[in-house]
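Chain by chain, the residues:
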Amino acid sequence: MKKIGILTSGGDAPGMNSVIRAVVRSALKVNFQVLGIKRGYEGLLSGDISELKSTDVLGISDHGGTMLRSARSEEMRTPDGLKRAYEMSKIFGIDALIVIGGDGSITGAKALSELGLKVIGIPATIDLDLECSEYTIGFDTAVNTGVEAIMKISDTTSSHERVSIVEVMGRNCGNIALWCAIACGVDDILIPEVTDVGENEIIHQILQNRAKGKKQNIIIVAEGIGGSQELAEKIQITTGIVSRATILGHIQRGGFPSALDRFHGANMGSFAISLLTENNYNKVVVVKNGKYDHIDITEALNQKRCFDVELYKRVRQLSI
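Okay, so let's go over this structure.

The rules behind the values
- Residues numbered from 1 in each chain as written.
- Predicted model: local features only at pLDDT ≥ 70, side-chain atom pairs only at ≥ 80, totals over all residues.
- Heavy atoms only, no water.
- Helix = DSSP H or I, 4+ residues; strand = E, 2+ residues; numbered from the N terminus.
- Rg over C-alpha atoms; globule rule 2.2 N^0.38 Å.
- Buried < 20%, exposed > 50% of the residue type's maximum accessible area, 1.4 Å probe, protein only.
- Contact = heavy atoms within 4.5 Å.
- Areas by Shrake-Rupley, 256 points an atom, 1.4 Å probe, with all protein chains shown as cover.
- Pairing = 2+ DSSP bridges.
- Phe/Tyr/Trp six-rings, centres within 6.5 Å; stacked < 30°, edge-to-face > 60°.
- Lys NZ or Arg CZ within 6 Å of the ring centre and 35° of its normal.
- Axes fitted to C-alpha atoms, helices over the stretch in contact; angles between N-to-C directions.
- Parallel < 35°, antiparallel > 145°, perpendicular 65-115°, else oblique.
- Left-handed = near helix turned anticlockwise from the far one by under 90°.
- Nonpolar A, V, L, I, M, F, W, Y, C, P; charged D, E, K, R; others polar.
- Right-handed = clockwise from strand over helix to strand, strands pointing away.
- Salt bridge = Lys/Arg side-chain N within 4 Å of Asp/Glu carboxyl O.

A closer look at the overall build of the protein chain
Helix and strand content of the protein chain: 11 helices and 11 strands. Taking 2.2 N^0.38 as the reference for a compact globule, 320 residues should give roughly 20 Å; the C-alpha atoms of the protein chain span a radius of gyration of 22 Å, in line with that estimate. Principal axes of the C-alpha set define a box for the protein chain whose edges measure 70 × 40 × 35 Å. The burial tally for the protein chain puts 52% of its 320 residues in the buried class. For the protein chain, the share of sequence-separated contacts (at least 6 apart) that also reach a separation of at least 24 residues comes to 75%. Accessible surface for the protein chain amounts to roughly 14100 Å². Of this, 49% is attributable to carbon and sulfur atoms.

Quick look at the pairing of strand 1 (residues 3–8)
Across a regular strand the side chains alternate sides, sitting on one face of the sheet and then on the other. Where burial is concerned, most of strand 1 is hidden: five out of the six residues are buried. Of the pairings in the sheet, the one linking strand 1 to strand 2 (residues 33–37) comprises four bridges and is parallel in character. Following the sheet pairing, K3 is matched in strand 2 by Q33. Where strand 1 meets strand 4 (residues 96–101), five bridges bridge the pair, whose relative direction is parallel. Bridge assignment links G5 to a residue of strand 4, and that residue is L97.

A short note on the packing of aromatic side chains
Inspection of the entire model under this criterion finds two aromatic pairs. Ring geometry for F139 and W179: centres 5.0 Å apart, planes at 85 degrees, overall edge-to-face. With F139 in helix 5 (residues 139–160) and W179 in helix 6 (residues 175–184), the pair connects residues that are 40 residues apart, well separated along the chain. Accessibility expressed as a relative area gives 2% for F139, which makes it buried. A ring pair is formed by F307 and Y312, whose centres lie 6.1 Å apart and whose planes are at 50 degrees; its orientation type is tilted. You can call F307 partly exposed: its relative accessible area is 25%. The class of Y312 is buried, set by a relative accessible area of 9%. Its guanidinium or amino end placed over the ring of F256, R262 lies 4.6 Å from that ring's centre, counting from NZ or CZ.

Looking at the sheet that holds strand 6 (residues 163–168)
As summarised here, the arrangement of the four strands in space is 7-8-6-9, forming an open sheet in which the pairing is parallel. With partners counted over all chains shown, the strands left at the sheet margins are strand 7 (188–190) and strand 9 (243–247), one partner each. Within the sheet, the average angular offset between the axes of one strand and its neighbour, ignoring direction, is 20 degrees. Looking at chain direction, strand 6 and strand 9 are connected through five bridges and run parallel.

Topic: the packing of helix 5 against helix 6
At a closest axis distance of 9 Å, the pairing of helix 5 and helix 6 adopts a crossing angle of 50 degrees. The orientation of helix 5 with respect to helix 6, classified from their angle, is oblique. When you trace helix 5 past helix 6, the crossing you get is right-handed. Where helix 5 approaches helix 6, its residues F139, A142, V143, G146, V147, I150 and M151 are matched on the opposing element by N175, I176, W179, C180, A183 and C184. Its residues assigned to classes, the contact of helix 5 with helix 6 shows 11 nonpolar, two polar and no charged.

A few points about the pairing of strand 4
Strand 4 sits mainly inside the fold: six of its six residues count as buried. By the alternation rule, side chains of strand 4 split into A96, I98 and I100 and L97, V99 and G101, which are all buried. Pairing geometry for strand 4 and strand 5 (residues 118–123), over six bridges, is parallel. Its bridge partner lying in strand 5, A96 is registered against K118. In the classification by handedness, the crossover that spans strand 4, the intervening helix 4 (residues 103–115) and the parallel strand 5 is right-handed.

Here's the deal with the pattern of salt bridges
For the coordinates displayed, the defined rule picks out 13 salt bridges. Here R84 makes a salt bridge to E75, at a shortest N to O gap of 2.8 Å. By relative accessible area, R84 is classed as partly exposed at 32%. The partner of E114 in a salt bridge is K110, with the nearest N and O atoms 2.5 Å apart. Here E114 pairs with K110, and both are found in helix 4, just four residues apart, close to one helical turn. Note on E114: relative accessible area 55%, which makes it exposed.

Have a look at this one:
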């Protein structure tokens, strides 16, 4: 193995740059040539590929996002697109491809492996929604960003004795909302995994807490539930309490990566190169029982995500 490619795909996540830096530095140490592929699979399809040297990754860990940039590729979902991506990897002499991203990105890597390309997947998604790994790059920074924003919103909500609906990211997964709720001590939470909590129950919780002397209320809503503005309007019309909705959106994707995301990013990137030096490929790098390990890429993608019911119950318990 002499030449490896690296790309970041799908939604960006703080800490991706730490992975890129670790991959490049570790690969050069064992005399691998590293090719950086811009804009994810789109860049692979178009041949937007150039060599990465040690100086190219100097200081990138300090920044969020990804220096390689990212994109979503519909063409990669087609047989013709996959075949063309594989052929492009051969044109550039890529012996193995390291893919940094979520389940969709790693699914693309698996499809390329079935055509004969050696691949390694590194989980990087702010949603922490890959069951195969206890941690995914970007989650800690996203939660910290959410907590900081919610605490600032809480200050002004308290000053005016209002209700604030704060919508955090998480289209299909409520982990960011759950962690923010525990950290901030909110009144209630709406997440995609639980569908039996309605507006009336939320309003009852608010009124119950007000009766106990609480002067301000925070409700966290995951992106996948949505309707934050409508919920705020319903609460205000029903209770007479001034209510406002704030959607944090992509603010949680960017920003200064946390120490934890840098730490895991560096270690997972270095671990990926260790696997390739042992001619061990078609794996996903994972965190298991606090240690770095690898799992077959097919097995990793087949594992169904388990919802932490106990954590959700704890949020509801602490909201009273």
